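Coordinates in review
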Amino acid sequence: MIKISKDEVHGLHQWFQNYAEVFKYGKEDVRKNILLKEKHTENVCREINSIGKELDLSDDELRLSDCMALLHDVGRFEQYLQYQTFSDSISENHAELGVKVIQDYGILNSFSDYVKDLIIRAVRYHNRAVLPNDESETCIFFTKLLRDADKLDIWRVVTEYYHRKDRKINSTIELSLPDTPGFTQSVYDDVINKKIVNAGSMQNLNDFKLLQIGWVFDINFIPALKEVKSRKYVELICKVLPATDQVSHVMEVVHDFFSQKIL
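These numbers were taken from a predicted model, which means no experiment stands behind them.

The secondary structure content of the protein chain amounts to 13 helices and zero strands. The order of helices and strands in the protein chain, counted from the N terminus, is α-α-α-α-α-α-α-α-α-α-α-α-α. Going through the 263 residues of the protein chain one by one, you find that 52% of them count as buried. Pairs at least 24 apart in sequence give 67% of the contacts found in the protein chain among residues at least 6 apart. Accessible surface, the protein chain: about 13000 Å² in total, of which carbon and sulfur atoms supply 48%. Of the side chains in the protein chain, 34 bear a positive and 41 a negative charge, and the two mean positions are spaced by 4 Å.

Structural data, given as C-alpha cells:
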C-alpha cells in the first residue's frame, strides 16, 4: 500500500533545495544550467500533480508522484559538475547517477521499503527508450506518469529556447549537435511512422528537433496529450525547422495522431 506523509514530502523538498544550492557556484554558465535543471524539476512536480489530479489519484499517490518528479533528475547536478554536459551519451546515464545520489545520501530511508523501491525504479527507468516488460503494473503506471510530466516541461524548455529573440547558443540544451542543414532520413522516417526516434541516429540539431516532435507518440495519458496540443509545442518546433514539404507532412501526421487520440 502507498502511504506517504506530508512531512516526508516536505523534508525531501528541503533536502533537494539544499542539495541543488551547492552546485550553483562558479562560472555564470554553470550557475545558469544548474538553475535550468532546478526550475525544470519544480515544473515537472507541477505537471505531474496536474496530470495526477486529472486521473483522480489519491492524496498518497499524488505525494508519491511528487517525490518521483522531485528526484527524477537529481543525477543531473553531479553529471554537469563532472562533465559540463547534460548529454548521457558523452558522459554517463543521469538516471543511474540519480539512483546513486538517492542511495548515497539515504534520503528515502524514512519511507516504507515499498515506496522507496517505487521511487528508485521510476528514477532509474524514466529516461529509457523502452520500459521493462517484467515490472509491476504500479511501477509502470507511475513511471509513465513521470515520463509524460518530464516531456511536457522539456518541451517548454526547448521551445522557449528556440524562440528567444536574444538567444545565445547553449550547447547543453543542444547537446553540442551541429546546426547544419537538412536532417537524417532515418530520423524523419521514424517520425512519419509514429515511432520513437533512435537518439543514436541523430547527426544535427534538426534531427534533435524531429526527435522532440516524435516524443508525442510516447505520451501515455490523455490529459498530458491535451496539454501538448493546446500549448502547440509541435507547431513551435516545426517553425524552427526548414520550411519544406517534409516538415509539413510531419505536422499532418501529428495532427492526425491528435485527432485519433483526443476525442
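This brings us to the pattern of salt bridges. This model, assessed by the stated rule, comprises 17 salt bridges. Between Asp 73 and Lys 37 there is a salt bridge, with the nearest N and O atoms lying 3.7 Å from each other. Separated by 36 residues along the polypeptide, Asp 73 in the loop between helix H3 (59-71) and helix H4 (75-83) and Lys 37 in helix H2 (residues 28-54) bring together distant segments of the chain. A salt bridge links Glu 135 to Arg 121, with the nearest nitrogen and oxygen atoms 2.4 Å apart. Of the two residues, Glu 135 is situated in the loop between helix H6 (113-125) and helix H7 (137-162) and Arg 121 in helix H6; the sequence distance between them amounts to 14 residues. In this structure, a network of salt bridges that share partners links the residues Lys 3, Asp 60 and Arg 63.

This paragraph deals with helix H11 (residues 222-230). Buried within H11 are the following residues: Pro 223, Ala 224, Leu 225 and Val 228. Buried positions along H11 lie against H2, H7, helix H12 (233-238) and helix H13 (245-261). Immediately beyond the C-terminal end of H11, within one or two residues, lies Lys 232, with a positive phi of roughly 55°.

Okay, the confidence of the model for the protein chain next. The share of residues in the protein chain with pLDDT of 70 or more is 100%, and the mean pLDDT across the chain is 95. Taken element by element, the predicted model of the protein chain shows its lowest mean pLDDT in helix H8 (residues 171-174) (87) and its highest in H3 (98).

This brings us to the nonpolar core. Counting residues in each nonpolar core, the largest one holds 87 residues, and the members touching the most others are Leu 64, Leu 71, Leu 108, Ile 119, Leu 210, Ile 213 and Val 228. Among the elements that line this core, the one with the most residues is H7, at 12 residues. In contact with Leu 108, other than residues within four places in its own chain, are Leu 12, Leu 71, Ile 102, Lys 116, Ile 119 and Ile 120.

With that out of the way, let us pick up the packing of aromatic side chains. Counted by the stated rule, this structure contains 15 aromatic pairs. Between Trp 15 and Tyr 19, the aromatic rings sit 4.8 Å apart at their centres with planes inclined by 15°, giving stacked as the arrangement. Residue Trp 15 and its partner Tyr 19 are both found in helix H1 (residues 6-21); the two are separated by four residues, about one turn of the helix. With a relative accessible area of 6%, Tyr 19 lands in the buried category. Ring plane angle 70° and centroid distance 5.7 Å describe the contact between Phe 16 and Phe 77, whose orientation is recorded as edge-to-face. Residue Phe 16 is located in helix H1, and its partner Phe 77 is located in helix H4; the two are separated by 61 residues in the primary sequence.

The backbone of Gln 84 shows a phi angle near 55°, a positive value even though the residue is not glycine. Position of Gln 84 among the secondary structure elements: in the loop between H4 and helix H5 (94-105). Take Gln 84: its relative accessible area is 48%, and that puts it in the partly exposed class. Phi at Lys 194 takes a positive value of approximately 60°, unusual for a residue other than glycine. By relative accessible area, Lys 194 is classed as partly exposed at 31%.

Our next topic: H5. Here H5 spans 16 Å end to end across 12 residues, near enough to the 16 Å set by a 1.5 Å rise per residue. Where H5 is concerned, the buried positions are His 94, Ala 95, Leu 97, Gly 98, Val 99, Val 101 and Ile 102. If you follow the buried residues of H5, they end up packed against H1, H3, H4 and H6. Capping the start of H5 is the job of one residue whose side-chain oxygen sits 2.8 Å from the backbone nitrogen of Ala 95: Asn 93. Following H5 by one or two positions, Gly 106 adopts a phi angle in the positive range, close to 60°.

Cut-off values and rules
Residues numbered from 1 in each chain as written. Predicted model: local features only at pLDDT ≥ 70, side-chain atom pairs only at ≥ 80, totals over all residues. Heavy atoms only, no water. Helix = DSSP H or I, 4+ residues; strand = E, 2+ residues; numbered from the N terminus. Buried < 20%, exposed > 50% of the residue type's maximum accessible area, 1.4 Å probe, protein only. Contact = heavy atoms within 4.5 Å. Areas by Shrake-Rupley, 256 points an atom, 1.4 Å probe, with all protein chains shown as cover. Lys, Arg positive; Asp, Glu negative; His and termini not counted. Charge placed at Lys NZ, Arg CZ, Asp CG, Glu CD. Salt bridge = Lys/Arg side-chain N within 4 Å of Asp/Glu carboxyl O. pLDDT = per-residue confidence, 0-100. Core = buried A, V, L, I, M, F, W, Y, C linked by side-chain atoms within 4.5 Å. Phe/Tyr/Trp six-rings, centres within 6.5 Å; stacked < 30°, edge-to-face > 60°. Expected span 1.5 Å × (residues − 1). Polar contact = N/O pair within 3.5 Å; in protein donor to acceptor, adjacent residues only side chain to side chain.

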